[in-house]
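Listed here are the chains, written in short residue letters.
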Amino acid sequence: MAIIMRLIQQYHPSHKQEFHALEKKFAELEHRGILPRGERLVPISGREVANTIVWECRFESLCAAEEALKRIDNSTEHTELAKQQHPMFQQSWIEFYEVLEY
């Protein structure tokens, strides 16, 4: 069963430029194959506030998504960037969705 994993990150609006600059560095790690490659979304209209970035990635299974989380946790590059970004967070959470294939 395919899974969509979404990481929702809300940051302090006064740190928008710095937060997005760090997101570009995370994206570079994805392009280099160090982290799973996902898409970043910014809300135009919806439930989430404007100071939100959603990172979304599709996996073949929940097990594959869990393995990706372990890979992220074990990445020293990710850890270093996350240390810089965390002080800017208001809140963040992860959501998992089962892809229905009717």
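This paragraph deals with the sheet that holds strand β1 (residues 3–11). Taken in spatial order, the 4 strands line up as β2-β3-β1-β4 in an open sheet, and their pairing is antiparallel. Edge strands, defined here as strands with exactly one partner in the open sheet, are β2 (39–41) and β4 (89–98). Going from strand to strand, the sheet's axes swing by 20° on average, the running direction of each strand aside. The pairing of β1 with strand β3 (residues 52–59) spans 8 bridges and is classified as antiparallel.

Let us now look at the side chain of E95. If you trace the backbone, E95 turns up in strand β4. Assessed through its relative accessible area of 17%, E95 is described here as buried. A polar side-chain atom of E95 sits 2.6 Å from a polar atom in the side chain of Y97. Look past the residues within four positions of E95 in its chain and what remains in contact with it is I4, M5, R6, I8 and R47.

This paragraph deals with a nonpolar patch on the surface. A cluster of nonpolar residues, L62, I94 and F96, forms a patch on the protein surface that exposes about 240 Å² of accessible area. Within the element layout of this structure, I94 appears in strand β4.

Turning our eyes to something else, we now look at the layout of surface pockets. Here the largest pocket is characterised by a volume of approximately 360 Å³. Of all the secondary-structure elements, those providing two or more residues to the lining of the largest pocket are β1, α1 (16–31), α2 (62–73), α3 (76–85) and β4. Of the residues belonging to the lining of the largest pocket, the class tally is 11 nonpolar, 4 polar and 4 charged.

Between α1 and α3, whose axes approach to 10 Å, the crossing angle comes to 170°. Classified by the angle between their axes, α1 and α3 sit roughly antiparallel to one another. Of α3, the residues touching α1 (which contributes F19, L22, E23, K25, F26 and L29) are E77, H78, L81, A82, Q84 and Q85. Counted by class, the contact of α1 with α3 contains 6 nonpolar, 3 polar and 3 charged residues.

Conventions and cut-offs
- Residues numbered from 1 in each chain as written.
- Predicted model: local features only at pLDDT ≥ 70, side-chain atom pairs only at ≥ 80, totals over all residues.
- Heavy atoms only, no water.
- Pairing = 2+ DSSP bridges.
- Helix = DSSP H or I, 4+ residues; strand = E, 2+ residues; numbered from the N terminus.
- Axes fitted to C-alpha atoms, helices over the stretch in contact; angles between N-to-C directions.
- Buried < 20%, exposed > 50% of the residue type's maximum accessible area, 1.4 Å probe, protein only.
- Polar contact = N/O pair within 3.5 Å; in protein donor to acceptor, adjacent residues only side chain to side chain.
- Contact = heavy atoms within 4.5 Å.
- Patch = residues over 30% accessible without salt bridge, like charges linked within 9 Å, V, L, I, M, F, W, Y side chains within 5 Å.
- Areas by Shrake-Rupley, 256 points an atom, 1.4 Å probe, with all protein chains shown as cover.
- Salt bridge = Lys/Arg side-chain N within 4 Å of Asp/Glu carboxyl O.
- 1 Å grid on protein atoms, 1.4 Å probe; cavity = no way out; pocket = protein on both sides within 12 Å on 5 of 7 lines; lining within 4 Å.
- Points joined across faces, edges and corners; volume = space filled by probe spheres on them.
- Nonpolar A, V, L, I, M, F, W, Y, C, P; charged D, E, K, R; others polar.
- Parallel < 35°, antiparallel > 145°, perpendicular 65-115°, else oblique.

All quantities given are derived from atomic positions and should not be read as evidence of function.
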